[in-house]
Amino acid sequence: MKPRARTEKQAVDPTDLHNEVGATPVRALPYETIALVLQGGGALGAYQAGVFEGLHEAEMPLDWIAGISIGALNTALIAGNPPERRVERLREFWETICQPAFFPALPAAFEFALFNSHESIRSAFTASQAMSAILQGQKGFFVPRFPPPIDGIPGEPGKVSYYDTSPLRATLLALCDFDRINDGSTRVSVGAVNARTGNFVYFDNTRIELRPEHFMASGALPPAFAPVEIDGEFFWDGGVVSNTPLMEVLQSSPRRDTLAFQVDLWSARGPVPDTMAGVAERMKDVQYSSRTRFVTDTLQREQRYRNLLRHVLDQVPEDQRHDNPWCKEAEALSSNKRYNVQHLIYQRKNYEHQYKDYQFGLSTMRDHWAAGLADIRNTLAVPDALALPHNDAGFVTHDVHRRRK
């Protein structure tokens with residue numbers, strides 16, 4: 001079949017993927033681990049759902065899914081359902097939590113008419129979505145705590161917050177099969193912070209049995225949400241310390257040839273703000289991007305040294321290597337494994353401001369979802385982007401948005 005021609009603005013159909021000149025068929029990918037890595041970012045998390053839909057279309061096999069905050073909730077929905085139902089369950093979750101908790105939502109036709117109208121109307125309308133989230137919460141996710149906490153008056157640690165997330169537990173139980181999450185077919189890791197010690201931890205199904213509380217803890221961002229109690233300890237959102245689990249995936253032991261789809265909801269790059277609202281938005285971008293580019297640069301440099309050490313050891317005769325303690329230490333540190341990171345970063349829209357992470361609404365959610373789907377289709381269409389790296393580091397990073405510049 002002849003590949004379809006496409007204009008610059010058209011998204012790539014993943015059915016063309018096997019027909020692109022030089023493309024690597026996903027079923028023949030030579031990796032020991034294929035991972036999906038999901039950053040936190042509240043309402044922006046629908047972008048990750050769109051990315052997953054594109055991976056599902058391309059029949060991309062996933063061995064490991066790791067997430068933090070909203071990324072952890074998306075992780076539960078993906079890992080907690082059979083492959084043929086994952087996109088459906090993600091859509092059900094997002095269409096649920098993007099409705100107001102108490103008052104009825106606007107008729108869909110009217111909402112989309114407002115969203116698709118003039119830019120100034122769209123901006124005002126999406127601001128009202130954020131205000132609705134503050135005042136009444138989101139269906140199946142969180143509601144205002146009543147009575148609200150009063151500063152200076154102690155309360156139970158699990159209730160010291162502005163919102164109650166108990167509706168989220170019921171939603172997760174309704175939409176996720178936790179037996180499937182724990183059956184070992186896919187590795188699952190979600191990050192959280194111990195509120196007492198300040199230590200960052202990963203709840204991983206290869207070490208413990210994961211429950212709804214583990215995913216809720218990963219998304220318990222203070223002071224909006226209270227810490228979640230697990231086995232006598234209280235845990236907050238992992239984004240308090242680090243908003244991406246990429247380091248956990250790429251530094252796992254034993255080392256394996258790895259293809260990682262890193263899906264970020266905050267861009268470290270952006271314009272210098274010239275308004276106070278812009279300052280608030282840009283501050284969130286920088287804080288929650290968790291310096292992903294720095295992480296990949298550091299890991300690439302480290303892997304280059306490990307690869308170099310492996311080549312040096314190969315020049316030492318086996319009989320001399322066997323009893324030499326320095327060679328044994330070098331052997332443990334060296335690695336010739338290869339890593340390919342496909343970096344997908346949500347690109348902000350003109351109508352979004354500092355409240356974009358709690359700007360819930362069906363119209364906004366579908367816009368985020370469509371952006372993720374378009375980005376992964378275009379990412380997968382880049383010839384040989386998924387191939388094993390052959391540079392001296394054995395480590396490459398691809399970003400379809402930077403490629404276009």
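Residues numbered from 1 in each chain as written. Predicted model: local features only at pLDDT ≥ 70, side-chain atom pairs only at ≥ 80, totals over all residues. Heavy atoms only, no water.

An unreviewed UniProt entry lists the chain under the name NTE family protein, from Paraburkholderia megapolitana.

In this section: the overall build of the chain. Tallying secondary structure elements over the chain gives 15 helices and eleven strands in all. For 405 residues, the compact-globule formula gives about 22 Å, and the C-alpha radius of gyration of the chain, at 22 Å, lands near that figure. Projecting the C-alpha coordinates of the chain onto the three principal axes gives extents of approximately 75 × 60 × 45 Å. The proportion of buried residues among the 405 residues of the chain is 51%. The contacts of the chain with a sequence gap of at least 6 include a subset with a gap of at least 24, amounting to 75%. Carbon and sulfur atoms make up 56% of the accessible area of the chain, which totals about 19300 Å². A gap of 4 Å separates the mean positions of the 43 positive and 49 negative side-chain charges of the chain. (Helix = DSSP H or I, 4+ residues; strand = E, 2+ residues; numbered from the N terminus. Rg over C-alpha atoms; globule rule 2.2 N^0.38 Å. Buried < 20%, exposed > 50% of the residue type's maximum accessible area, 1.4 Å probe, protein only. Contact = heavy atoms within 4.5 Å. Areas by Shrake-Rupley, 256 points an atom, 1.4 Å probe, with all protein chains shown as cover. Lys, Arg positive; Asp, Glu negative; His and termini not counted. Charge placed at Lys NZ, Arg CZ, Asp CG, Glu CD.)

Moving on to the UniProt feature "domain: PNPLA" (unreviewed entry) in the chain. Residues annotated by UniProt as "domain: PNPLA" (unreviewed entry) correspond here to residues 36–250. Across residues 36–250 one finds 40% helix and 15% strand; the C-alpha atoms that close the span lie 11 Å apart. (UniProt positions renumbered as here; feature names shortened; annotations may be inferred.)

Moving on: the state of the cysteines. Inspection of the entire model under this criterion finds zero disulfides. Cys 98 provides the cysteine sulfur closest to Cys 176, a residue in no disulfide bond, and the two sulfurs are 16 Å apart. Accessibility expressed as a relative area gives 8% for Cys 176, which makes it buried. (Disulfide = S-S within 2.5 Å.)

Considering all chains together, one arrives at 15 aromatic pairs under this definition. Summarising the aromatic geometry, the rings of Tyr 47 and Tyr 346 are spaced 5.4 Å apart at their centres and angled 70° between planes, so their arrangement reads as edge-to-face. One end of the pair, Tyr 47, is in helix α1 (residues 46–57); the other, Tyr 346, is in the loop between β10 (339–345) and α14 (362–380), and 299 residues separate them in sequence. Note on Tyr 346: relative accessible area 3%, which makes it buried. Their ring planes at 55° and their centres at 5.3 Å tell us that Phe 142 and Phe 225 sit as a pair that is tilted. Note that Phe 142 is positioned in the loop between α5 (119–136) and β3 (143–144) and Phe 225 in the loop between α8 (212–218) and β7 (228–230), a separation of 83 residues in sequence. For the pair Phe 142 and Phe 225, a shared accessibility class is recorded, and that class is buried. (Phe/Tyr/Trp six-rings, centres within 6.5 Å; stacked < 30°, edge-to-face > 60°.)

With respect to the helices and strands, the residue Gly 372 is situated in helix α14. As for Gly 372 and Gly 45, which are separated by 327 residues in sequence, their C-alpha atoms are 9.5 Å apart. With residues near it in sequence (within four places) discarded, Gly 372 still touches Tyr 47, Gly 50 and Val 51.

On to the nonpolar core, then. Considering soluble globular proteins, one finds that nonpolar side chains tend to be buried as a cluster. Core analysis: the largest hydrophobic core is formed by 71 residues, its most contacted members being Leu 36, Met 60, Trp 94, Phe 215 and Phe 261. With seven residues, helix α2 (residues 70–79) is the largest single contributor of residues to this core. Leave out the neighbours within four places in its chain, and Phe 261 touches Ile 34, Ala 35, Leu 36, Val 37, Leu 55, Met 60, Gln 342, Leu 344, Ile 376, Leu 380 and Leu 386. Core analysis: the next-biggest nonpolar cluster, separate from the first, contains 14 residues, Ala 66, Leu 299, Val 341 and Phe 395 among them. (Core = buried A, V, L, I, M, F, W, Y, C linked by side-chain atoms within 4.5 Å.)

For Ser 289, the position within the fold is in the loop between α10 (276–288) and α11 (292–314). Leaving out residues up to four positions away in the same chain, Ser 289 has contacts with Gln 39, Trp 266, Ser 267, Ala 268 and Lys 284. Separated by 3.1 Å, the side chain of Ser 289 and the backbone oxygen of Val 286 make a polar contact. (Polar contact = N/O pair within 3.5 Å; in protein donor to acceptor, adjacent residues only side chain to side chain.)

With 19 residues, α14 should reach 27 Å at 1.5 Å per residue; the first-to-last C-alpha distance of 27 Å fits that figure. Of all 19 residues in α14, 14 are buried, a share of seventy percent or more. (Expected span 1.5 Å × (residues − 1).)

Together, Met 131, Ile 134 and Leu 135 make up a nonpolar patch on the protein surface, roughly 290 Å² of accessible area in all. Position of Leu 135 relative to the elements: it lies in helix α5. The exposed category is assigned to Leu 135, whose relative accessible area is 61%. (Patch = residues over 30% accessible without salt bridge, like charges linked within 9 Å, V, L, I, M, F, W, Y side chains within 5 Å. Salt bridge = Lys/Arg side-chain N within 4 Å of Asp/Glu carboxyl O.)

With that settled, consider the UniProt feature "active site" (unreviewed entry) in the chain. Summarizing the sequence annotation, UniProt attributes the feature "active site" (unreviewed entry) to Ser 69 and Asp 237 in the numbering used throughout. With the annotated positions falling across 169 residues, the maximum pairwise C-alpha distance of 5.9 Å places them together in a single cluster. With respect to the helices and strands, Ser 69 occurs in the loop between β2 (64–68) and α2. According to the relative accessible area criterion, Ser 69 is buried, its value standing at 11%. Once residues within four sequence positions are removed from consideration, Ser 69 is found in contact with Gly 40, Ser 218, Gly 219 and Asp 237. Since its relative accessible area comes to 2%, Asp 237 is described here as buried. Sequence-distant contacts of Asp 237, that is, excluding residues within four places in its chain, are made with Ile 68, Ser 69, Ala 192, Val 193, Ala 217, Ser 218, Gly 219, Ala 220 and Leu 221.

Residue placement: Thr 296 occurs in helix α11. In this structure Thr 296 comes out as buried when scored by relative accessible area, which is 1%. Leave out the neighbours within four places in its chain, and Thr 296 touches Leu 246, Val 341, Phe 395 and Thr 397.

A few words on the pairing of strand β1 (residues 33–38). A large share of β1 lies buried, amounting to six of its six residues. Residues Thr 33, Ala 35 and Val 37 point to one face of β1 and Ile 34, Leu 36 and Leu 38 to the other, with burial holding for every one of them. As paired elements, β1 and strand β9 (residues 258–264) share six bridges and run parallel to each other. Counted as the bridge partner of Thr 33 is Thr 258 from β9. In the sheet, β1 pairs with β2 via four bridges, with the strands oriented parallel. When the sheet's bridge partners are listed, Ala 35 is paired in β2 with Trp 64. This β-α-β element, β1 to α1 to β2, shows right-handed connectivity. (Pairing = 2+ DSSP bridges. Right-handed = clockwise from strand over helix to strand, strands pointing away.)

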